[in-house]
Amino acid sequence: MRRWIMHVDMDAFFASVEQLDHPEYKGHPVIVGGLSSRGVVATASYEARKFGVHSAMPISRAKKLCPHGIYVYPNMTRYKEISHIIHKVMEEFTPIIEPLSLDEAFLDVTDITHKFTGPKALGRAIKDRVFEETGLIISAGLAPNKFLAKLASDLDKPDGLVVIPYGKECESLANLSIKRIWGVGPSTEHRLKDGGFALIKDVQALPDEKPLVPYVGNQARRIWELARGIDERSVEPDRQIQSVGNEETYESDVEDPAVIDLELHYFANRVAKRLRKYGLMGHTVSIKVRYNDFKTVSRQKRLDSATDQERIIYDTSVLLWNKLMRERSNASQSNRRDAKAFTSNAGDRQSTDDREMMGAAPLPKFDTSVLDMPLKPIRLLGVTVSGLSTERIVQDDLFSIETDEKDEKLSTVLDSLASKFGEDAIMSGALWRRAHGDGGERRKRSELKAEIDLENEE
């Protein structure tokens, strides 16, 4: 039996829901996103896209391009409600559904194609049912695999329905830009074009992936196969979350280490709670820092044992912050150091970090209880835990076991109280100071960002 995969994508989902709930918005450019000067566009209606507005664009830029647009703060509760209805509609057709976000999913419809006159009739039936239940329009693509199905759903938006039939895979792809291949971003696209691969057919003409290696390295085989429409991935109804994180772009640049410390406390708290909610633990903690000149840097550290505990995530985040700040400071002074001395200092830093992660007493100058001063104002900060699993590994150290057990019991109690009485029922001193230190504005923006991030996990 031939496999048929369907990709469903709600057209301008957030903006479409707003136009559905507010008929006066229909026909007008609607932009959903953060409304502060540092906010970004979450979704733009097709009317707004005619002005050049698109998702992830700074709101300040969107307002210059579309000053008369309708700017709306996201209503995540409403979007999740509509998403749930759409998911139920899809379940009427197949139980094999892999949600990618609130507005996007893969469906394996192999076992039901015989009930319709063809894949296109099946796609039309699902589109019609979604419209009947929600009044919203979806774009859909049907193809022999996930890559082609996702590509097909994007070829004729809005209200698209495209089928890529068996035997037509290469033909359907040939004249498309190389950037249409899944995973080919701007930098990879640029490298491929430098190598003479501007269209997918340029890759299809290769006998194997070897000519691609100088341009894309170990991604050569994957790109060569996708150019031929080869993708063996299956639809995974229980797709594992890959990472859990929180980040925020600040209304005003942050420079005070005390404020940064509160932010790291907050991110660690949110990430730990979400890990426990999904029964997950993570091996790797990373921080992300974007300066006011838009330069973005990150650092990560793999822990000996996976964790879902706020204390460990926070401590590791502080360690990474201080390491990053000292590396940056050393780099700025590198013209006054010889290479040998710099290498020695780098080794000392690594040894110190290893001592701290193993529980040994840190050297005085690497005291992780105090955050180093940032070298430049901070525009964005975030903490992420990855390397996730459901396995709980007990450490060998007796004192670590006792400490972890106490942390786990405390976390269980706090999670229970928050579930019954709300997030504000009880919080640490650091979180209270963060919530009230600036009238709660930072907290309000972070809660919104956390909700939008969470859509990719549900």
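Let us look at the structure shown here. All of these numbers come straight from a predicted model, not from anything done at the bench.

Moving on: the overall build of the protein. Check the secondary structure of the protein and you find 17 helices and twelve strands. Accessible surface computed for the protein: about 22900 Å², of which carbon and sulfur atoms make up 52%.

Relative orientation and spacing of two packed helices are given, respectively, by the angle between their axes and the distance between those axes. Axis separation between helix α4 (residues 76-91) and helix α5 (residues 119-134) bottoms out at 10 Å; the angle between their running directions is 140°. One way to sum up the angle between α4 and α5 is to call them oblique. Handedness of the crossing formed by α4 with α5: right-handed. Residues Ile82, Ile85, Ile86 and Val89 of α4 lie in contact with α5, whose contacting residues are Arg129, Val130, Glu133 and Thr134. Class assignment for the residues of the contact of α4 with α5 results in five nonpolar, one polar and two charged.

Quick look at the pattern of salt bridges now. Two side chains with opposite charge may pair up if their charged atoms get near one another. Here the structure, examined in full by the defined rule, presents 21 salt bridges. Ionic pairing is found between Lys193 and Glu189, a salt bridge with its closest N-O pair at 2.9 Å. Of the two residues, Lys193 and Glu189 both sit in helix α8 (residues 186-194), four residues apart, roughly one turn of that helix. By relative accessible area, Glu189 is classed as buried at 14%. Among the ionic pairs, Asp293 bridges to Lys376, the shortest N-O distance being 2.6 Å.

The next subject is the sheet that holds strand β5 (residues 97-101). The mixed open sheet is built from five strands, whose spatial order is β5-β6-β1-β7-β8. The open sheet has two edge strands with one neighbour each: β5 and β8 (161-163). Between one strand axis and the next, the sheet turns by 15° as a mean value, whatever way the strands run. In the packing of helix α6 (residues 146-153) onto the sheet, contacts are made with β1 (5-10), β5, β6 (104-108), β7 (138-143) and β8, and the angle to β7 comes to roughly 145°.

For β5, the buried fraction is high: four of the five residues fall into the buried class. Here four bridges tie β5 to β6, and the two strands are oriented antiparallel to one another. Bridge pairing in β6 links Glu98 to Phe106. What sits between β5 and β6 in their antiparallel hairpin is a turn of two residues.

With that out of the way, let us pick up the side chain of Ser286. Position of Ser286 relative to the elements: it lies in strand β10 (residues 281-291). Ignoring anything within four residues of it in the chain, the contact list for Ser286 reads Arg299, Gln300, Leu320, Gly382, Val383 and Thr384.

For the rest of this paragraph, the subject is the packing of aromatic side chains. In this structure the tally under the stated criterion is six aromatic pairs. Summarising the aromatic geometry, the rings of Phe197 and Tyr215 are spaced 6.1 Å apart at their centres and angled 75° between planes, so their arrangement reads as edge-to-face. With Phe197 in the loop between α8 and α9 (200-204) and Tyr215 in helix α10 (residues 213-216), the pair connects residues that are 18 residues apart, well separated along the chain. Owing to a relative accessible area of 7%, Phe197 belongs among the buried residues under this scheme. Within the aromatic cluster, the residues linked to one another by ring pairs are Phe13, Phe14 and Tyr79. Just above the ring of Tyr71 sits the side chain of Lys63; from NZ or CZ to the centre is 5.4 Å. Looking at Arg233, its charged tip hangs above the ring of Trp182, at a distance of 4.8 Å from the centre.

As summarised here, the arrangement of the four strands in space is β9-β12-β10-β11, forming an open sheet in which the pairing is antiparallel. Both edges of this open sheet fall to β9 (243-254) and β11 (296-307), since each of them pairs with a single strand only. Neighbouring strand axes in the sheet, compared pairwise and without regard to direction, differ in orientation by 10° on average. Both β10 and strand β12 (residues 378-389) contribute to a ladder of ten bridges, which runs antiparallel. Bridging across to β12, Gly282 finds its partner in Leu388.

Definitions and cut-offs
Positions within a chain are numbered from 1, following the residues in the order the chain's sequence is written. pLDDT decides what is reported in this predicted model: residues at 70 or higher carry local features, side-chain atom pairs at 80 or more are listed and counted, and totals for whole chains, interfaces and linings draw on all residues regardless. The basis for every side-chain value is the complete set of non-hydrogen atoms in the structure, without hydrogens or water. By definition, any uninterrupted DSSP run of H or I lasting at least four residues is a helix, any uninterrupted run of E lasting at least two residues is a strand, and each is numbered from the N terminus. Surface accessibility in these figures is a Shrake-Rupley result with a 1.4 Å probe; residues are shielded only by whichever protein chains are displayed. As a rule, the C-alpha atoms of each element are fitted with a line to give its axis, helices using only the stretch in contact, and angles between N-to-C directions run from 0 to 180 degrees. Every angle not falling under 35 degrees, over 145, or within 65 to 115 is termed oblique; those three ranges are roughly parallel, roughly antiparallel and roughly perpendicular. Should the near helix be turned anticlockwise from the far one by less than a right angle, the crossing is left-handed, and should it be turned clockwise, the crossing is right-handed. Throughout, a residue-residue contact means that at least one pair of heavy atoms, one from each residue, lies within 4.5 Å. For this scheme, ten residues count as nonpolar: Ala, Val, Leu, Ile, Met, Phe, Trp, Tyr, Cys and Pro. Four count as charged, namely Asp, Glu, Lys and Arg, and the remainder, Gly too, count as polar. We define a salt bridge as a side-chain nitrogen of Lys or Arg found within 4 Å of a carboxyl oxygen belonging to Asp or Glu. Throughout, exposure labels follow a simple rule: accessible area from a 1.4 Å probe, protein chains only, divided by the maximum for the residue type, with under 20% read as buried, over 50% as exposed, and the rest as partly exposed. Strand pairing requires that DSSP identify at least two bridges connecting the strands. Any two rings among Phe, Tyr and Trp, with Trp reduced to its six-membered ring, count as a pair given centres within 6.5 Å; such a pair is stacked if its planes are under 30 degrees apart, edge-to-face if over 60, and tilted if neither. Over a ring means this: the NZ of a Lys or the CZ of an Arg is within 6 Å of the ring centre and within 35 degrees of the ring normal.

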